[in-house]
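Structure assessment
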Amino acid sequence: MTAELHEELTDPHADQLDHGAASSRPLKSRISEPQPRGAKIHGNRPVDQSEAANRFMAATEHEAMHDARLWDLRQKRDKEMHGIEEWEELRNLASGIKEHTLSKLDYYLELFEKNATANGIKVHWAKDGAENNAIVLEILRSRGVERLIKSKSMLTEECGFREFMAENNVEVIETDLGERIQQLDDEAPSHVVVPAVHKLRTDVASVFAKTIGSDPDNADAHYLTECQREATRPLILSAQAGMTGGNFVVAETGTFVVCTNEGNADLSANTPPLHIASIGIEKLIPGLDDLAVFIRLLSRSALGSPITQYTSHFRGPRKGSEMHVVLVDNGRSARLGMEKFWPGLKCIRCGACMNTCPVFRRSGGLSYGATYAGPIGLIIDPTFNVHKYRNLPYSSTMNGSCTNVCPVKINIHEQIADWRRTLAGEGEISPVKKVMMKAAGEVLASPVVYRASLPLGRSALRHLPHFMLYNKLNTWGRKRDIPETPKQTFNEWYRKNRKQQDEGKKS
Amino acid sequence: MKVGLFVPCYVDMFHPETGIATLELLERFGVSVEYPVDQTCCGQPMTNTGCEREAARTEELFVRNFEKYDYIVTPSGSCTNQVRNNMTAIEQSDAVKHVRSRTYELVEFLHDVLKVDAFPWAEFPHRVALHNNCNTLRNLRIASMTERREEPFSKPKALLKMVKGIEFADLTRPDECCGFGGTFSVFEEGVSAKMGQDKVTDQLKSGAEYVTSSDSSCMMHQEGCARRMGANLKYIHIAQILNGARA
Ligand code: SF4
């Protein structure tokens, strides 16, 4: 999947388009509030998502735009869903196909390798990100490649691909506009489908002014896009290799499919004579019939458009060129063996769970400080590093909307609860939470202690029971009023007015 | 039919009138209701945070208090969800299974078990916005959700429609979470409060005078935000409206 800018379109007829990001409600922004940055990363220390979220919300224009833009996508998705009678059946089918394929993954991977090889594709296997990077570098070096054009891929983010190539003197140019903006700003993508969605047009204008010399005061979307096109096209045309990811890998045909809205994968794949695709092993599906189910769900879930502008099938190298596929594990086999967390592998990276997530919309994707943000991030990031991402499963109200938009029916909110249990069980829980919950557990297990802990004095700060305010910081009252305590609790009222009645009933 | 009334800690402490309305309402339908006075909590704060071990003794106490009843009814959807779907820190004895399968949220109980078809005493001539707690909505399935392609239904609305004079105010994001989220409201207070403020803004825009819900915890959070924002909105539990409260 690929991105569209969120920026307002100046075309007065833009509203007449029915579908896709281009027809999103224009969001006016004339201010230039500095762009809030993502989570602060301190080595392996647990990421503090709330700290970064608070900074994002303090940038009110950014937060308001981000929330409105993504909610708009969610509404477009709803509209598409209502247009398809068999929507829930499609979700069942998609989930079933993924479960089936994952349960026989070794078989389908080998089937793909066999058929792809017969198609003239060279298939490689990488057990982790480092191996993927080394394989790709080797292919590039042996062919003297110095510049690579690349279409957006979350897998390469996982692998730290861009940094690795920079260290090895290979220039990488992103062909997806949103991803290119992020690359020029030296930031990770904040969303799996719309990677620069957290930026205002004015942010993009200042990035382009610094990097490609555009007018810093011109934040017109057409102007900015044109500047980028002028700056990047020559680089694209002279690149010696192209790289893509893959949305679906079809075992029976030995082919793979990339879905984009800008045609940027096609640029990457077709311009240079060498095409390398690094793809996670969970992207396998059995056949083309199965593909149809996912194609119907993907873009509708992601952007509320019936289909991506480009759905490109790669079947083998063109005459005189080469095609390589690197099948990357990078923790997926281990995840497949996790009793509770394997369903995360069904994910097709549509981003619908992010668009619907009320926490994500208010925090920005970079606040998670991980490759994957939002609901899907909460349940897969800890599989990469349990300590560093141990706070993420708490960045959720567990409202369950994510589970219900997910086109492949991943039980996201249940897995969030399971992660909390798993983390607490492994001692990967913050000391504040641990102390509070231990105290709460003691108090609530005993009616006598519990009653004694209630705010009998009823003076201002003693209104909440002590076990809720154990952390001493009055986090409840910072932005909310504390409820007043009435003259008597229900328990007191009942003892006074009803208890004797009950006892009378018994005797 | 013997019903045990569970009054969650928030309701006990801050909204005794909701507990009283629940009790009286059930009695109006001829149900024999008892409130075991030694009750505390359903274990939700600990379970919600992942601390199952810490929840175990509270869950045991809950079962001891309620195992003797045919049904356990509570004016809280999230507590019902905890008991029904998440009370797993203790061994699943017959008593535990009985309690878990017999615990009902008040609206569900009126709608599905008692199959109530009138509240002749109830009149509430006001414009009301309905808030469904997310657990109640998506786990107990008290109403249809906007994410799913399903026939629209709403048990709380079906009951409220039987109240004379009531008028409904429509929200633009009717089932977006309000940000309470149990311990989320304390641990992630920044995002929690922002979501609450956005919810209150939506309620204000709808022209509602009152907000009602079958869950006090969400409303406590929303009311806290509304007061701080100086918003002129009143919050009332659905039990009170159905029991004939006159504003
Ligand atoms: S978890 Fe589901 S909704 Fe979220 S990105 Fe993956 S497929 Fe889409």
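Residues numbered from 1 in each chain as written. Chains lettered and ligands numbered in written order. Predicted model: local features only at pLDDT ≥ 70, side-chain atom pairs only at ≥ 80, totals over all residues. Heavy atoms only, no water.

It is worth spelling out the overall build of chain A at this point. Helices and strands together make up the secondary structure of chain A, namely 22 helices and 10 strands. Taken over 507 residues, chain A has a buried fraction of 63%. Here the contacts in chain A between residues at least 6 apart in sequence split such that 74% fall between residues at least 24 apart. Carbon and sulfur atoms make up 52% of the accessible area of chain A, which amounts to about 19,900 Å² in all. (Helix = DSSP H or I, 4+ residues; strand = E, 2+ residues; numbered from the N terminus. Buried < 20%, exposed > 50% of the residue type's maximum accessible area, 1.4 Å probe, protein only. Contact = heavy atoms within 4.5 Å. Areas by Shrake-Rupley, 256 points an atom, 1.4 Å probe, with all protein chains shown as cover.)

On to the pairing of strand E7 (residues 274-280) of chain A, then. Residues and elements named next belong to chain A. E7 sits mainly inside the fold: 7 of its 7 residues count as buried. As defined by bridge partners, strand E4 (residues 241-244) adjoins E7 across 3 bridges and the pair is classed as parallel. Note on E7: the bridge partner recorded for Thr244 is Ala277. Relative to strand E10 (residues 322-328), E7 runs parallel, the two being bridged by 7 bridges. What sits directly across from Ile276, in E10, is His324. (Pairing = 2+ DSSP bridges.)

Per the counting criterion, the structure on display carries 21 aromatic pairs over all chains. With a centroid separation of 5.9 Å and an interplanar angle of 80°, the aromatic rings of Tyr10 of chain B and Phe180 of chain B are classed as edge-to-face. Of the two residues, Tyr10 of chain B sits in helix H1 (residues 9-14) while Phe180 of chain B sits in the loop between strand E6 (167-168) and helix H10 (184-187), which places them 170 residues apart along the sequence. On the basis of relative accessible area, Tyr10 of chain B is assigned to the buried category, the value being 17%. An aromatic cluster is defined as three or more aromatic residues linked by ring pairs; in this entry it consists of Phe490, Trp493 and Tyr494 of chain A together with Tyr35 of chain B. (Phe/Tyr/Trp six-rings, centres within 6.5 Å; stacked < 30°, edge-to-face > 60°.)

So, about the sheet that holds strand E1 (residues 2-5) of chain B. All names here are of chain B. Read across the open sheet, the 4 strands follow the order E2-E1-E3-E4; overall the sheet is parallel. Each edge of the sheet is formed by a strand with only one pairing partner; in this case those strands are strand E2 (32-34) and strand E4 (103-105). Between one strand axis and the next, the sheet turns through 35° on average, direction left out of account. Both E1 and strand E3 (residues 71-74) contribute to a ladder of 3 bridges, which runs parallel. (Axes fitted to C-alpha atoms, helices over the stretch in contact; angles between N-to-C directions.)

For the rest of this paragraph, the subject is the side chain of Arg420 of chain A. Along the chain, Arg420 of chain A falls in helix H18 (residues 412-425). Despite its burial, Arg420 of chain A pairs with no opposite charge, the nearest such side chain being Glu188 of chain B at 7.0 Å. For Arg420 of chain A, the side chain forms a polar contact with the main-chain oxygen of Asn48 of chain B, separated by 2.7 Å. Beyond its immediate stretch of four places on either side in the chain, Arg420 of chain A contacts Pro393, Tyr394, Ser396 and Met398 of chain A together with Asn48, Thr49 and Gly50 of chain B. (Lys, Arg positive; Asp, Glu negative; His and termini not counted. Salt bridge = Lys/Arg side-chain N within 4 Å of Asp/Glu carboxyl O. Polar contact = N/O pair within 3.5 Å; in protein donor to acceptor, adjacent residues only side chain to side chain.)

Attention now goes to the domain arrangement of chain B. One widely used convention gives an interface's size as the accessible area the parts lose upon coming together. Residues and elements named next belong to chain B. Taken as a whole, chain B is organised into domain 1 (2-113) and domain 2 (127-242). Relative to domain 2, the C-alpha centre of domain 1 lies at a distance of 21 Å. Contacts between domain 1 and domain 2 engage 28 residues on the former and 26 residues on the latter. Here domain 1 meets domain 2 over a buried area of about 2,000 Å², counting both sides, of which 65% is carbon and sulfur. When the area that domain 1 buries against domain 2 is broken down by residue, the three leading residues are Tyr10, Val107 and His111, summing to 24%. The tally of links from domain 1 across to domain 2 stands at 1 salt bridge. (Domains from an automatic or database assignment. Buried area = accessible area lost by both parts, 1.4 Å probe.)

Counted under the stated rule, the structure contains 47 salt bridges over all chains. Measuring nitrogen to oxygen at the nearest pair gives 2.8 Å for the salt bridge that ties Glu174 of chain A to Arg162 of chain A. With a gap of 12 residues between them, Glu174 of chain A in strand E3 (residues 171-174) and Arg162 of chain A in helix H7 (residues 161-167) connect regions that are remote in the sequence. Comparing Glu174 of chain A with Arg162 of chain A shows no difference in burial state: the two are buried. In this structure, Arg127 of chain B engages Glu167 of chain B in a salt bridge whose closest nitrogen and oxygen atoms are separated by 2.9 Å. Here Arg127 of chain B is found in strand E5 (residues 127-131), whereas its partner Glu167 of chain B is found in strand E6, with 40 residues between them in sequence. For Arg127 of chain B, a relative accessible area of 27% puts it in the partly exposed group. Put simply, Glu63, Asp67, Arg361 and Arg362 of chain A together with Arg173, Glu176, Lys194 and Asp198 of chain B are held in one network by salt bridges that share partners.

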